[in-house]
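Read off the chains here:
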Amino acid sequence: LASNKGMWSELLGFGDFYYELGVQAVEACMAHRPANGGLMEIDELVAQVNKRRGGKVDSVSKDDVVQSIKKLSKLGSGFRLLQIGKRTIVQSVPGELNRDHNMVLSQAESQGGWVRSADIERSLGFTQDRMQQALQALLNEGQAWVDDGHEDGERRYWFPYLRHVK
């Protein structure tokens, strides 16, 4: 795929290809934000971008999408790449995940996309208050879902962008 040098290249340091790819990535992230709270695994984003592009153009690679997200982050738009455990997650909403949030997400990633309060207290050594604050912040941002329907009766917190086990 060719990247034309134009206005975006001069103003922002990237060509039309990465600009267009960035717009497609933004559209895909916005379309899925109600379901994932603005956090999407990079492979899912690549699949969504390629789906939006259709079969009439070449598909884009993971590296292409990563480069476009890195370039978008220069705009201060809230887009950035996060490393959660072994996964690369695209954050498409402004805001910061603090150390506690990242630790909870890493624990969930290691368990297939979910955690229980007891897992956080036992594995991470969080107090009840610290655990509740971290989970509540993730819930408030729409980045976690509550599951009170498990057969053991224990509440589970699901992170939809971490649900696929590789």
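First things first, this report covers the structure right here in the doc. (Residues numbered from 1 in each chain as written. Predicted model: local features only at pLDDT ≥ 70, side-chain atom pairs only at ≥ 80, totals over all residues. Heavy atoms only, no water.)

1. A short note on the packing of aromatic side chains
Here's step 1: Under the definition given, this model contains three aromatic pairs.
Here's step 2: Between the aromatic rings of Trp 114 and Trp 158, the centroid separation amounts to 6.2 Å while the plane-to-plane angle is 45 degrees, which identifies the pairing as tilted. Taken together, the residues Trp 114 in strand S4 (residues 114-115) and Trp 158 in strand S6 (residues 156-158) connect sequence positions 44 residues apart.
Here's step 3: Taking relative accessible area as the criterion, Trp 158 reaches 28% and is therefore assigned partly exposed.
Here's step 4: One residue, Lys 71, lies across the ring of Tyr 18, its end atom 5.7 Å from the ring centre. (Phe/Tyr/Trp six-rings, centres within 6.5 Å; stacked < 30°, edge-to-face > 60°. Helix = DSSP H or I, 4+ residues; strand = E, 2+ residues; numbered from the N terminus. Buried < 20%, exposed > 50% of the residue type's maximum accessible area, 1.4 Å probe, protein only. Lys NZ or Arg CZ within 6 Å of the ring centre and 35° of its normal.)

2. Structural notes on helix H4 (residues 62-73)
Here's step 1: Under the 1.5 Å per step criterion, the end-to-end length of H4 is 17 Å for 12 residues, consistent within 8% with the ideal 16 Å.
Here's step 2: Where H4 is concerned, the buried positions are Asp 64, Val 65, Val 66, Ser 68, Ile 69, Lys 71 and Leu 72.
Here's step 3: In this structure, the buried residues of H4 make contact with helix H2 (16-36), helix H3 (42-53), strand S2 (80-84) and strand S3 (87-91). (Expected span 1.5 Å × (residues − 1). Contact = heavy atoms within 4.5 Å.)

3. Observations concerning the side chain of Gln 48
Here's step 1: Among the secondary structure elements, Gln 48 is positioned in helix H3.
Here's step 2: With near-sequence residues (within four places) excluded, Gln 48 lies in contact with Ala 28 and His 32.

4. Some thoughts on the sheet that holds S2
Here's step 1: Taken together, three strands build an open sheet; the order of strands is S1-S3-S2 and the sheet is antiparallel. Across the chains shown, the open sheet's two edge strands, defined by having one partner strand only, are strand S1 (39-41) and S2. Taking each pair of neighbouring strands and ignoring which way they run, the sheet shows an average axis angle of 35 degrees.
Here's step 2: Relative to S3, S1 runs antiparallel, the two sharing three bridges. Residue pairing in the sheet places Met 40 in a bridge with Val 90 of S3.
Here's step 3: Against the sheet, H3 contacts S1, S2 and S3, and its axis sits at roughly 85 degrees relative to S1. (Pairing = 2+ DSSP bridges. Axes fitted to C-alpha atoms, helices over the stretch in contact; angles between N-to-C directions.)

5. Topic: the nonpolar core
Here's step 1: The biggest cluster of nonpolar side chains holds 20 residues, and the ones touching the most others in it are Val 104, Leu 105, Val 115, Leu 135, Phe 159 and Leu 162.
Here's step 2: Considering each element in turn, this core owes the most residues, four residues, to helix H7 (residues 128-140).
Here's step 3: Other than its neighbours up to four places away in sequence, Phe 159 contacts Val 104, Leu 105, Ala 108, Gly 113, Trp 114, Val 115, Leu 135, Leu 138, Gln 143 and Ala 144.
Here's step 4: Residues Phe 17, Ile 42, Val 65 and Val 66 belong to the second largest nonpolar core, which totals 18 residues. (Core = buried A, V, L, I, M, F, W, Y, C linked by side-chain atoms within 4.5 Å.)

6. Observations concerning the pattern of salt bridges
Here's step 1: As enumerated under the stated definition, the model contains eight salt bridges in all.
Here's step 2: As a salt-bridge pair, Arg 122 and Asp 119 come within 3.4 Å of each other at their nearest N and O atoms. Residue Arg 122 and its partner Asp 119 are located together in helix H6 (residues 117-124), separated by three residues, close to a single helical turn.
Here's step 3: Linking Asp 152 and Arg 156 is a salt bridge whose minimum nitrogen-to-oxygen distance equals 3.1 Å.
Here's step 4: It is possible to trace a salt-bridge network through shared partners that takes in Arg 116, Asp 119, Arg 122 and Glu 154. (Salt bridge = Lys/Arg side-chain N within 4 Å of Asp/Glu carboxyl O.)

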